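# What the coordinates show
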Amino acid sequence: MGVASSRFLRMVDKLAEVECAEARDYTSFSVRGKRFGYYWPRTKTVGLKQTLSEQIALVSERPDVFEVQFTAGGFGWVVVHLPKIDADELTELVYEAWRLSAPEALVEEYPTP
C-alpha cells in the first residue's frame, strides 16, 4: 500500500484543465480558477477538497490516513498521507476534489478519471 508522489502527480495530470501553482513549500491545483488540492512534498501529504460529510467519514474511519485540514465554503478539506493510502482510493478522492471545483459542463465532458 502507499502511493508515490510521482504517481499522485500523474493522477492530477490526467484531469482536464488543471492549473498548478508552485509556492515555497507546496504546490496547489485548481481547475478554472477554483482550488481543489495541495501537495506538500516534504511531508508526502496532499490536501483535497471534499464534502463535509465525506471529510467527517474519512477522518473518523481512518485517522491514521486522513486528518482535517480545514472547512470553507461548505466543503471539508482533508489531508491524505500518501504512504498510507492505496492508489484506487486516492484516484477516486482526487477526481472527487476536482469534480467539486470544476464547472458542470467540464465534469459532463470528463465524467471519470
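You'll find the structure just up there.
None of these values were measured; they are calculated from a predicted model.

Quick notes on the rules
Residues numbered from 1 in each chain as written. Predicted model: local features only at pLDDT ≥ 70, side-chain atom pairs only at ≥ 80, totals over all residues. Heavy atoms only, no water. 1 Å grid on protein atoms, 1.4 Å probe; cavity = no way out; pocket = protein on both sides within 12 Å on 5 of 7 lines; lining within 4 Å. Points joined across faces, edges and corners; volume = space filled by probe spheres on them. Helix = DSSP H or I, 4+ residues; strand = E, 2+ residues; numbered from the N terminus. Nonpolar A, V, L, I, M, F, W, Y, C, P; charged D, E, K, R; others polar. Pairing = 2+ DSSP bridges. Axes fitted to C-alpha atoms, helices over the stretch in contact; angles between N-to-C directions. Contact = heavy atoms within 4.5 Å. Buried < 20%, exposed > 50% of the residue type's maximum accessible area, 1.4 Å probe, protein only. Lys, Arg positive; Asp, Glu negative; His and termini not counted. Salt bridge = Lys/Arg side-chain N within 4 Å of Asp/Glu carboxyl O. Parallel < 35°, antiparallel > 145°, perpendicular 65-115°, else oblique. Left-handed = near helix turned anticlockwise from the far one by under 90°.

## Here's the deal with the layout of surface pockets
- Of the volumes computed, that of the largest pocket is approximately 180 Å³.
- Taken together, 10 residues make up the lining of the largest pocket; nearest its centre are Arg7, Arg10, Met11, Lys14 and Thr91.
- Listed by contribution, the elements that provide at least two residues to the lining of the largest pocket are α1 (5-13) and α3 (87-101).
- Counting residues per element, the lining of the largest pocket draws most heavily on α3, which supplies 4 residues.
- When the residues that make up the lining of the largest pocket are grouped by side-chain class, the tally is 5 nonpolar, 1 polar and 4 charged.

## A look at the sheet that holds strand β4 (residues 45-51)
- Here we have 6 strands laid out as an open sheet, ordered β1-β2-β3-β4-β6-β5, and antiparallel in their pairing. Edge strands, defined here as strands with exactly one partner in the open sheet, are β1 (18-22) and β5 (66-72). Averaged over all pairs of adjacent strands, the angle between strand axes in this sheet comes to 25°, irrespective of strand direction.
- Summarising the sheet, β1 and strand β2 (residues 27-31) pair through 5 bridges and their orientation is antiparallel. Opposite Val18, over in β2, you have Val31 as the bridge partner.
- The strands that α1 touches are β1, β2, β3 (34-40) and β4; relative to β3, the one it contacts most, it runs at about 165°.
- Taken strand by strand, α3 contacts β1, β2, β3, β4, β5 and β6 (75-81), and its axis lies near 55° from that of β4.

## Describing the pairing of β4
- For β4, the buried fraction is high: 6 of the 7 residues fall into the buried class.
- Bridge count between β3 and β4: 4 bridges; the pairing is antiparallel. Its bridge partner lying in β4, Trp40 is registered against Thr45.
- Adjacent in sequence and paired antiparallel, β3 and β4 are bridged by 4 residues, among which Lys44 carries a positive phi angle near 55°.

## What about the side chain of Lys49?
- Mapped onto the elements, Lys49 comes out in strand β4.
- Within the buried set, Lys49 has no salt-bridge partner at all; the shortest N-O distance to an opposite charge, 10 Å, is to Glu96.
- In this structure Lys49 touches Arg35, Phe36, Phe75, Gly76, Trp77, Ala97, Leu100 and Ser101, once residues within four positions along its chain are discounted.

## Considering the packing of α1 against α3
- It is at 10 Å that the axes of α1 and α3 come closest, and there the two elements cross at 40°. If you check the angle between α1 and α3, you find them oblique. Pair α1 / α3 crosses with right-handed handedness. Facing Arg7, Phe8, Met11 and Val12 of α1, the residues of α3 in contact are Ala87, Leu90, Thr91 and Val94.

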